Amino acid sequence: MWGDAEGAYYLKQSDSLSASLFQITGPAHIPYNDSRWQQLLLHYEQLVHLHNLGLTPPSSVAEGDVVGSICRQCAKYSKDSSNLAAFCLHVARMIRDLQSSLEAHCSESKGSNAAGENDASSPKRQTNGSNGSPGKSAVKQRISLIGKARVTCGALN
């Protein structure tokens, strides 16, 4: 399993993710191009596991339920703030980018498979990957797609 499930489970108010979430869900407007959105999305390894929080661990009961406080704050200020709408725009952009990258990867994979199957004696096609290796380029593209998918999942959660 990837991500930081333990960090999400033991989230404290002093954590940088908590600070980002409290800022985003607060009443103050955060512009669409503000760096705080990027700071929030960089915590995708914990964000993706916040839904797994069932019972609050005993150590955090004294500190308060951070996720519950953030949800209450979001509900309280969502009608007065455009931050939720801005966050939705960011996530929609991420999904669109992931979809177009995935479609490009699938079409390139089909194209390279078809080219390789049609003429086995023809030399292999060169790509822009390191050392001109088609295999390395495909691996880098796949790793990039997996990274985009993980960040998008964290943001959706």
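The rules we used
- Residues numbered from 1 in each chain as written.
- Predicted model: local features only at pLDDT ≥ 70, side-chain atom pairs only at ≥ 80, totals over all residues.
- Heavy atoms only, no water.
- Helix = DSSP H or I, 4+ residues; strand = E, 2+ residues; numbered from the N terminus.
- Buried < 20%, exposed > 50% of the residue type's maximum accessible area, 1.4 Å probe, protein only.
- Contact = heavy atoms within 4.5 Å.
- Areas by Shrake-Rupley, 256 points an atom, 1.4 Å probe, with all protein chains shown as cover.
- pLDDT = per-residue confidence, 0-100.

(A) Local environment of the overall build of the protein chain. Counting secondary structure elements, the protein chain contains eight helices and zero strands. Going from the N terminus to the C terminus, the protein chain shows its helices and strands as α-α-α-α-α-α-α-α. Across the 157 residues in the protein chain, those meeting the buried criterion constitute 27%. Partitioning the contacts of the protein chain with sequence separation of at least 6, the portion at a separation of at least 24 is 74%. A total accessible area of about 10,100 Å² is found for the protein chain, and carbon and sulfur atoms account for 56% of it.

(B) The side chain of H90, seen in detail. You can see H90 is positioned in helix α7 (residues 83–118). Aside from chain neighbours lying at most four places away, what touches H90 is Y32 and W37.

(C) Spotlight on the confidence of the model for the protein chain. On average, residues of the protein chain score 76 in pLDDT, and 74% of them are at 70 or above. Taken element by element, the protein chain is modelled with least confidence in helix α5 (residues 58–61), mean pLDDT 47, and with most confidence in helix α2 (residues 16–25), mean pLDDT 91. This model gives residues 58–62 a pLDDT under 50, and the stretch forms three contacts once residues within four places in sequence are excluded. This model gives residues 119–130 a pLDDT under 50, and the stretch forms 12 contacts once residues within four places in sequence are excluded.

(D) The arrangement of the environment of R150 in detail. Along the polypeptide, R150 turns up in helix α8 (residues 134–156). R150 sits in the partly exposed class, given a relative accessible area of 32%. C-alpha of R150 to C-alpha of E45: the two residues are 105 residues apart in sequence and 7.9 Å apart in space.

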